[in-house]
Amino acid sequence: MSAARRSAALVALVTAVVLLLTSSPASAAESERHGGERFYLSLGDSLAFGFQRFKVGQPAEAFNTGYADLLAATLQHGQRRPTLVNYGCPGESTTTFAAGQCPWAGAGLPLHDAFSGTQQAAALRFLRDHRGKVDLVTLSLWGNDANEFIASCNGSVQCILDGAPAAIARIAANLSGILRQLHQAAPDARVVVLGAFDGNVGAFPLTHPIIRQLNVAMAGAAAEHRARFADPMPIFNPEGDTGAALCTLTLLCRDGDLHPSDAGYQALASLLGL
C-alpha cells in the first residue's frame, strides 16, 4: 500500500472512531426516548386495586388514591417515570390468584388493567414480555384468605384459635409458590410483599398474635424468593393503640369499611416505597 493510501485509510479510521464516539450519547438518548419504557406492576387484591367502598358503582378510574397510584407518582428511572400496570382485583385470594377467575371481573366490574385467565398467568405473561423492563412489583394477598377461614368457623373463637396455624401455613405456602414464579419470570425486578394489619377492634388481645404470626410466615415466604416484606402493623396497629389509628388510616369508623382511607393508602405507599 502506498503512503498516500495508508494516510487516507488512517484518516478514514480516525473519522469513523470520532463519529462512533460522538454518536453514542445521541443513540442512547434515542433509545431512552423510544425503547426505554419502564414499568411498575401492581398485583393482588382490593388493596392493590385501591378499593374504597363509597366509590362502588364508579368506573375504575375513580379508584385513583390507592397505594399503587401514589407510589407510581414517586418512581423515577433515569429521565423516565415507570408506567403503572395495575392488575389488582378486589376479592382476590392466594387461591384465586393462581387458579381462578378474578372475583371482581367475574361480577362484571371493571379493572384498572383488564386481563384474561388468572391474575398470576397475566402477571407472568407481562413480566416475560417485558423482561428487564419492570422496576417494581408489589403484591398484596392475605385478606380474602383470612376472611374465608374466619367464615368457615361460623363464629367459633375456638375454631379460629385451633385452625389459625394451618390457615397461616396455607397462605404462606400459596404465597411462596406465587413469588417463586414471579422471581423466575423477572429475576431483576424489585418485588415487595405487603403484610397484614388487624382490623378486629375490641379483640386485639386475641387477634394481634394471630396477625403477627401471619406476617412472620409471609415475611419468610418473601425472603425465600428475594422479595422484601413491608409490615403495616406498626403503622395501623401501633403498640398500645385500641383502634384510633384504624379510624384515621381506614374507613372503618366513617363507612364501616376496613379498606384504607386516602391517608391510609398514603401510609402504605410510603411503606412500600422504602
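Everything discussed here concerns the structure shown above.
Okay, so let's go over this structure.

Parameters and conventions
- Residues numbered from 1 in each chain as written.
- Predicted model: local features only at pLDDT ≥ 70, side-chain atom pairs only at ≥ 80, totals over all residues.
- Heavy atoms only, no water.
- Helix = DSSP H or I, 4+ residues; strand = E, 2+ residues; numbered from the N terminus.
- Buried < 20%, exposed > 50% of the residue type's maximum accessible area, 1.4 Å probe, protein only.
- Polar contact = N/O pair within 3.5 Å; in protein donor to acceptor, adjacent residues only side chain to side chain.
- Pairing = 2+ DSSP bridges.
- Right-handed = clockwise from strand over helix to strand, strands pointing away.
- Disulfide = S-S within 2.5 Å.

The next thing to look at is the environment of R254. Within the secondary structure layout, R254 lies in helix α12 (residues 252–255). Taking relative accessible area as the criterion, R254 reaches 55% and is therefore assigned exposed. Within polar-contact distance, the side chain of R254 engages the side chain of D255 at 2.9 Å.

Quick look at the pairing of strand β4 (residues 190–194) now. In terms of residue burial, β4 counts as a mostly covered element, since four of its five residues are buried. Summarising the sheet, strand β3 (residues 134–140) and β4 pair through five bridges and their orientation is parallel. Its bridge partner lying in β4, S140 is registered against L194. One crossover worth recording links β4 to the parallel strand β5 (residues 228–230) by way of helix α9 (residues 204–224), and it is right-handed.

Moving on to the state of the cysteines. One pass over the structure, following the stated rule, counts three disulfides. Between C89 and C102 runs a disulfide, and the two sulfur atoms are separated by 2.1 Å. Residues C89 and C102 are joined through a disulfide that is right-handed, its torsion about the S-S bond being 100°. Here the residue C89 occupies a position in the loop between β2 (83–86) and α4 (94–99), and C102 occupies one in the loop between α4 and α5 (103–106), the gap between them amounting to 13 residues. Like C89, the residue C102 is buried in the burial classification. Of note for the protein: the bonded cysteines, numbered N- to C-terminal, pair according to 1-2, 3-4, 5-6.

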